[in-house]
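Structural overview for review
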Amino acid sequence: MQIMMVASEVAPFSKEGGLADVLGALPAALAKLGEEVTVVSPLYRGVRDEAERIGLPLQPLRDVRLQAPIGDRSVEGNVWKTFLPDTRVAVYFIENDRYYDRDGYYTNAKDHSDYLDNSERFIFLSRGALELCRLLELKPDVLHSHDWHTGLVPIYVKHVYRAELPNTATVFTVHNLAYQGIFWHWDMKLAGLPWRLFTWKMLEYYGNLSFLKAGLVGADVLTTVSKTYAKEIQTEEFGLGMDGVLRDRSDDLYGIVNGIDTDEWNPRTDPAIEANYSAEDLSGKAACKEALQASFGLPVDSSRLLIGIVCRLVEQKGLDLLAEALPALLEEGIQLVVLGVGDPKYHEMLQRAHQRHPDKVSVRLDFSSEAAHRIEAGSDVFLMPSKFEPCGLNQLYSMRYGTVPIVRRTGGLAETVVDYDENAADAAEATGFAFEPYEPTALLMAVRRALDLWSRKEKWRALMLNGMKQDWSWGRVARQYASVYREAIRKAAGRRDEGN
Ligand code: ADP
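Residues numbered from 1 in each chain as written. Predicted model: local features only at pLDDT ≥ 70, side-chain atom pairs only at ≥ 80, totals over all residues. Heavy atoms only, no water.

Helix and strand counts for the protein come out as 19 helices and 19 strands. Here the C-alpha atoms of the protein give a radius of gyration of 24 Å, agreeing with the 23 Å that 2.2 N^0.38 yields for 500 residues. For the protein, the C-alpha atoms occupy an extent of roughly 70 × 45 × 45 Å along the three principal directions. By the burial criterion, 57% of the 500 residues in the protein qualify as buried. When contacts within the protein are restricted to residue pairs at least 6 apart in sequence, those whose partners lie at least 24 apart make up 72%. If you sum the accessible surface of the protein, you get close to 21,100 Å²; carbon and sulfur atoms cover 49% of it. Side-chain charges in the protein split into 57 positive and 71 negative, and the spacing between the mean points of these groups amounts to 2 Å. (Helix = DSSP H or I, 4+ residues; strand = E, 2+ residues; numbered from the N terminus. Rg over C-alpha atoms; globule rule 2.2 N^0.38 Å. Buried < 20%, exposed > 50% of the residue type's maximum accessible area, 1.4 Å probe, protein only. Contact = heavy atoms within 4.5 Å. Areas by Shrake-Rupley, 256 points an atom, 1.4 Å probe, with all protein chains shown as cover. Lys, Arg positive; Asp, Glu negative; His and termini not counted. Charge placed at Lys NZ, Arg CZ, Asp CG, Glu CD.)

To continue, consider the environment of Asp301. In this fold, Asp301 is placed in the loop between helix 11 (284-295) and strand 14 (306-310). Between the alpha carbons of Asp301 and Glu290 there is a distance of 7.4 Å; along the sequence they are 11 residues apart. Those residues within four positions of Asp301 in sequence are excluded, and the remaining contacts are Lys289 and Gln293.

Together, Trp184, Trp186 and Trp195 make up an exposed nonpolar region whose accessible area comes to about 380 Å². Summarising the element assignment, Trp195 is placed in the loop between helix 6 (187-191) and strand 10 (204-205). (Patch = residues over 30% accessible without salt bridge, like charges linked within 9 Å, V, L, I, M, F, W, Y side chains within 5 Å. Salt bridge = Lys/Arg side-chain N within 4 Å of Asp/Glu carboxyl O.)

Within this structure, the stated rule accounts for 2 cavities of 30 Å³ or more. What the largest cavity holds in volume is close to 70 Å³. Put simply, the parts of the chain that give the lining of the largest cavity at least two residues each are strand 14 and strand 17 (381-384). Sort the elements by how many residues they give to the lining of the largest cavity and strand 17 lands first, with 3 residues. (1 Å grid on protein atoms, 1.4 Å probe; cavity = no way out; pocket = protein on both sides within 12 Å on 5 of 7 lines; lining within 4 Å. Points joined across faces, edges and corners; volume = space filled by probe spheres on them.)

A few words now on the pattern of salt bridges. Per the counting criterion, the structure on display carries 33 salt bridges. For the salt bridge of Glu389 with Lys317, the shortest nitrogen-to-oxygen distance reads 3.0 Å. Residue Glu389 is located in the loop between strand 17 and helix 15 (394-400), and its partner Lys317 is located in the loop between strand 14 and helix 12 (319-331); the two are separated by 72 residues in the primary sequence. Classification of Glu389 by relative accessible area gives buried; the value is 4%. Its relative accessible area of 13% is what places Lys317 among the buried residues. When the shortest N-O distance is used, the salt bridge between Glu422 and Lys459 registers 3.7 Å. Of the two residues, Glu422 is situated in the loop between helix 16 (411-416) and strand 19 (433-435) and Lys459 in helix 18 (residues 457-469); the sequence distance between them amounts to 37 residues. With relative accessibility at 39%, the residue Lys459 sits in the partly exposed group. Among the charged side chains, a network of salt bridges with common partners joins Lys158, Asp220, Arg249, Asp252, Lys491 and Arg495.

With that out of the way, let us pick up the site of the ligand. By nearness alone, 15 residues border the ligand, and Arg312, Lys317, Asp366, Ser368 and Leu393 come closest of all. Asp366 places a polar main-chain atom, nitrogen or oxygen, 2.8 Å from a nitrogen atom of the ligand. A distance of 3.0 Å separates a nitrogen atom of the ligand from a polar atom in the backbone of Ser368. In the complex, the protein chains occlude 81% of the 560 Å² of accessible area that the ligand would expose alone. In terms of residue class, the shell around the ligand is built from 7 nonpolar, 4 polar and 4 charged. (Near = heavy atom within 4 Å. Polar contact = N/O pair within 3.5 Å; in protein donor to acceptor, adjacent residues only side chain to side chain. Nonpolar A, V, L, I, M, F, W, Y, C, P; charged D, E, K, R; others polar.)

What the 6 strands build is an open sheet, ordered 16-15-14-17-18-19; its pairing is parallel. Either end of the sheet is taken by a strand with one partner, and the two such strands are strand 16 (361-364) and strand 19. Within the sheet, the average angular offset between the axes of one strand and its neighbour, ignoring direction, is 20°. One ladder, built from 4 bridges, connects strand 17 with strand 18 (residues 404-408); its direction is parallel. Bridging across to strand 18, Met384 finds its partner in Val407. Each of strand 14, strand 15 (335-339), strand 16 and strand 17 touches helix 14 (residues 369-378); the most contacted strand, strand 14, lies at about 150° to it. (Pairing = 2+ DSSP bridges. Axes fitted to C-alpha atoms, helices over the stretch in contact; angles between N-to-C directions.)

Once that is clear, we can look at the layout of surface pockets. Looking at the second largest pocket, its volume works out to about 410 Å³. What lines the second largest pocket is a set of 17 residues, and nearest its centre among them are Lys285, Ala286, Asp380, Trp454 and Met464. Elements that contribute at least two residues to the lining of the second largest pocket include exactly helix 11 and helix 18. The greatest single-element share of the lining of the second largest pocket, amounting to 5 residues, is contributed by helix 11. Of the residues that constitute the lining of the second largest pocket, the class distribution is 5 nonpolar, 5 polar and 7 charged.

This paragraph deals with the packing of helix 11 against helix 14. Where helix 11 meets helix 14, the closest approach of the two axes is 8 Å, and the angle between their N-to-C directions is 125°. On the basis of their axis angle, the class for helix 11 and helix 14 is oblique. In the crossing of helix 11 with helix 14, the sense of the turn from one axis to the other is left-handed. Every residue of helix 14 that contacts helix 11 at Lys285, Cys288, Lys289 and Leu292 is listed here: Arg374, Ile375, Glu376, Ala377 and Gly378. (Parallel < 35°, antiparallel > 145°, perpendicular 65-115°, else oblique. Left-handed = near helix turned anticlockwise from the far one by under 90°.)

Glancing now at the packing of aromatic side chains. Taken as a whole and assessed by the stated rule, the structure comprises 21 aromatic pairs. When the centroid spacing of 6.0 Å and the interplanar angle of 80° are considered together, the rings of Tyr44 and Tyr100 count as edge-to-face. Of this pair, Tyr44 sits in the loop between strand 2 (36-42) and helix 2 (47-53) while Tyr100 sits in helix 3 (residues 97-100), and the two are 56 residues apart along the sequence. Neither residue differs from the other here; Tyr44 and Tyr100 are each classed as buried. For the pair Tyr420 and Phe433, a centre-to-centre distance of 6.1 Å together with 65° between the ring planes defines the contact as edge-to-face. With Tyr420 in the loop between helix 16 and strand 19 and Phe433 in strand 19, this residue pair connects regions lying 13 residues apart in the sequence. The exposure class of Tyr420 is buried, given its relative accessible area of 12%. (Phe/Tyr/Trp six-rings, centres within 6.5 Å; stacked < 30°, edge-to-face > 60°.)

Quick look at the side chain of Glu50 now. Mapped onto the secondary structure, Glu50 falls in helix 2. Here Arg53 takes part through its side chain, which lies 2.8 Å from a polar atom of the side chain of Glu50. Contact partners of Glu50, with chain neighbours within four places excluded, come to Pro12 and Phe13.

Written out as structure tokens, the structure reads:
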């Protein structure tokens, strides 16, 4: 299949969040399966330098002069090409300094407010990708766009570029439903879209234009980053106003859990950790625990269950719940290390806990990949009591490091961690502990269950090894996307036959 992905970030060239990691890894994994993949993204400030730094300098497409209609104007852009590292995946960067040569990707560096011309900037990206298809005579089988920035792509394919791309199917992935790209209705004109599409069934959202909704109603197939989150976002509780739209599309909505970089997160070779280890020889993990206790200023004591947390310190991650459960938790004789930055109220909460219990709680209010690796390797247990979690990565890293996750049963966490229940049929496949109610006692009970099993060393070891055996590589994920693409092609053809 020929697949073109359009997205606002692509690692390692531009990155603010997990979206970039997906765009850096998924096309490469699909290419390994034999698919032909290209990526289109904006040439932000810094992209050129990063490309040169990693030895993949951008080459100009000299014969290509992109022109995209924006309202009544025609806006021009240059196109630069490079490849994803160690692949033949072409990445096309669309250059327009007025739009993209700025401090931040989406917001003002000064006050973190959204750029006022964000709709125009991402109309140019979406429309630019389609103009690029025209200029390079590319006719992808699948156009795959991601998050609100590129939500208009499926609408353009169906309603503006049908003649050029009669057989192209569209896939739209929601990485984060909380960002919806909502703009005033007159931006329909900027986008060059007919007013007949501005209805409640299509692009209109309470009087405004929503780019996210455009993707949700326009694409042949929708995906999000776990099956559980796919179900959750169809409910009022998690749907953030889009649940009705998503329920309408439930037959076309698929959940696919993200992969992880299994080279970066590998206890056998990880250069950041005290001692390397593997499922065959776990002995190095004890040294990692000692080093972690020592570096966080906790008593070096192998008989204490060491719980690790690494996350953005925000409400989503269940920090209120942790605060409520903490006093009882510390009665259990555990140790806790926390790495994170975020909301000052959680900084204070954690610092207070440390001051009261310096021998039990240690906190580092910082962003450090190296410390994250050390916590994954040195902890016995990794705690994620999230309120909601579309996918979640740390539980996957934990399992790979033989660190048993305790998670709240939501989103990607519910799907990737098999709860240990001695009496259940799947007890032999368990990989961690999961609790459901967002309540301190539920969290506490899960930690008690973990403590109980931890004292039965052979059973605990089996749990660790189950986690370490799991395959979270991108190869597996790419196969799932490939089958979703085939489904999209089939559905698109079926709809064309029906005249929709
Ligand atoms: P989210 O995307 O909601 O932040 P994920 O679990 O999907 O949550 O991914 C977060 C990523 O960021 C993980 O790789 C995690 O290790 C990393 N991370 C979060 N906070 C820190 C930190 N303070 N230091 C290092 N890495 C962090």
